[in-house]
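Residues per chain, in single letters:
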Amino acid sequence: MRIARFSIDGNVAFGAVEGDQPDQLVLDIIKGIPFADFELSGTKVPLSKVRLLPPVLPNKVVAFGRNYAEHARELGNEVPDAPFAFFKPSTSVIGPGDAIQYPSFTEELHHEAELAVVIGRMCREVPHERVQDVIFGYTCANDVTARDVQRREKQWARAKGFDSSCPLGPWVETDLDIPTASDLTIQLTVNGGQRQLGRTSEMIHSIEDLIVNISEAMTLLPGDVILTGTPAGVGPLNVGDEVAVTIEGIGTLTNKVVKRG
């Protein structure tokens with residue numbers, strides 16, 4: 001099931017996305033929230049009549065860096081022996097169609113297409129064999145990065161945590177199991193030209209490894225998001241660019257870059 005979060009007539013709701021043709025998709029509005037038992041209301045709204053929002057509002061976004069060997073090498077970095085985590089604040093999250101605001105403090109903004117894992121239940125110290133039980137689903141993400149700031153400041157809080165640096169969407173796909181999610185095509189285009197193309201099977205540390213690693217240290221909450229790393233091909237974004245992340249079996253997340261006002 002594809003679960004979207006949307007607004008219509010000033011109201012915010014979750015809905016199940018139905019249909020196969022992009023111009024014929026509809027939302028069956030969900031009674032309640034999708035992290036608990038819920039029912040479909042039967043009230044359906046054309047997707048074209050709503051504004052899609054970030055599919056979840058995470059308490060925290062835990063991102064893992066250098067989890068694809070070729071990406072680590074393209075930036076001159078060593079491949080880490082263990083998962084390498086950092087955080088993006090909730091204020092960095094935007095949804096499909098929202099603007100990525102080019103910060104005034106960088107001159108080198110980069111895109112990074114990523115598979116995002118959405119947590120479905122409160123959990124801590126998750127054993128490897130129980131990881132599937134805590135996953136709600138998967139969505140597309142763009143770990144937008146101020147690359148010059150990242151190099152200069154060494155730590156990544158400002159470089160990867162600024163407002164609008166974490167586009168998510170367009171919805172959460174809940175029907176993927178871990179083996180399937182672990183071998184999907186992931187690609188990114190800028191103005192229609194391909195920049196990144198890889199497969200999630202190229203991850204150094206698996207989805208299970210990442211969730212085991214971070215849940216050893218902290219409690220994960222429903223709606224929290226885990227970013228799993230980016231394949232090679234990262235590169236610059238400029239004001240006016242349209243950037244799209246597409247992941248097989250999930251969908252396409254599209255955002256435009258604007259100058260921060």
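The preceding data block contains the structure.
Residues numbered from 1 in each chain as written. Predicted model: local features only at pLDDT ≥ 70, side-chain atom pairs only at ≥ 80, totals over all residues. Heavy atoms only, no water.

(A) Region of interest: the side chain of Thr139. Position of Thr139 relative to the elements: it lies in strand β12 (residues 135-142). Here Thr139 falls in the buried class, since its relative accessible area comes to 1%. Looking at Thr139, its side chain comes within polar contact range of the main-chain oxygen of Gly169, at 3.1 Å. Within polar-contact distance, the side chain of Thr139 engages the backbone oxygen of Trp171 at 2.7 Å. Each residue touching Thr139, except ones within four places of it in the same chain, is listed here: Pro55, Glu114, Leu115, Ala116, Val118, Leu168, Gly169, Pro170, Trp171, Val172, Ile247 and Ile250. (Helix = DSSP H or I, 4+ residues; strand = E, 2+ residues; numbered from the N terminus. Buried < 20%, exposed > 50% of the residue type's maximum accessible area, 1.4 Å probe, protein only. Polar contact = N/O pair within 3.5 Å; in protein donor to acceptor, adjacent residues only side chain to side chain. Contact = heavy atoms within 4.5 Å.)

(B) Up close: the environment of Val12. Within the secondary structure, Val12 is located in strand β2 (residues 11-18). The class of Val12 is exposed, set by a relative accessible area of 51%. Between the C-alpha atom of Val12 and that of Pro231, which follows or precedes it by 219 residues, the distance is 34 Å. Beyond its immediate stretch of four places on either side in the chain, Val12 contacts Arg5, Phe6, Ser7 and Leu53.

(C) Local environment of the nonpolar core. Within the largest apolar cluster, 45 residues are counted, with the highest numbers of intra-cluster contacts made by Tyr138, Ile207, Ile211 and Ile226. When residues in this core are grouped by element, the largest group, five residues, is from helix α6 (residues 207-215). Those residues within four positions of Ile207 in sequence are excluded, and the remaining contacts are Leu115, Val117, Ile135, Tyr138, Ala181 and Ser182. By size, the runner-up hydrophobic cluster in this structure holds 19 residues, among which are Ala16, Ala63, Trp156 and Val225. (Core = buried A, V, L, I, M, F, W, Y, C linked by side-chain atoms within 4.5 Å.)

(D) Representation of the side chain of Asp148 within the structure. By secondary structure assignment, the location of Asp148 is in helix α3 (residues 147-153). No salt bridge forms around the buried Asp148; measuring N to O, its nearest opposite-charge neighbour Arg152 is 4.5 Å away. Among all residues touching Asp148, those that are not within four sequence positions of it are Thr106, Glu107 and Glu108. (Lys, Arg positive; Asp, Glu negative; His and termini not counted. Salt bridge = Lys/Arg side-chain N within 4 Å of Asp/Glu carboxyl O.)

(E) Local environment of the sheet that holds strand β10 (residues 109-111). The strand order across the open sheet built from three strands is β13-β10-β18, with neighbouring strands paired in antiparallel fashion. Both outer strands of the open sheet, β13 (145-146) and β18 (235-236), are each paired with one neighbouring strand and no more. In this sheet, β13 lies alongside β10 in antiparallel orientation, the contact comprising two bridges. Bridged to Leu109 within β13 is Ala146. (Pairing = 2+ DSSP bridges.)

All quantities given are derived from atomic positions and should not be read as evidence of function.
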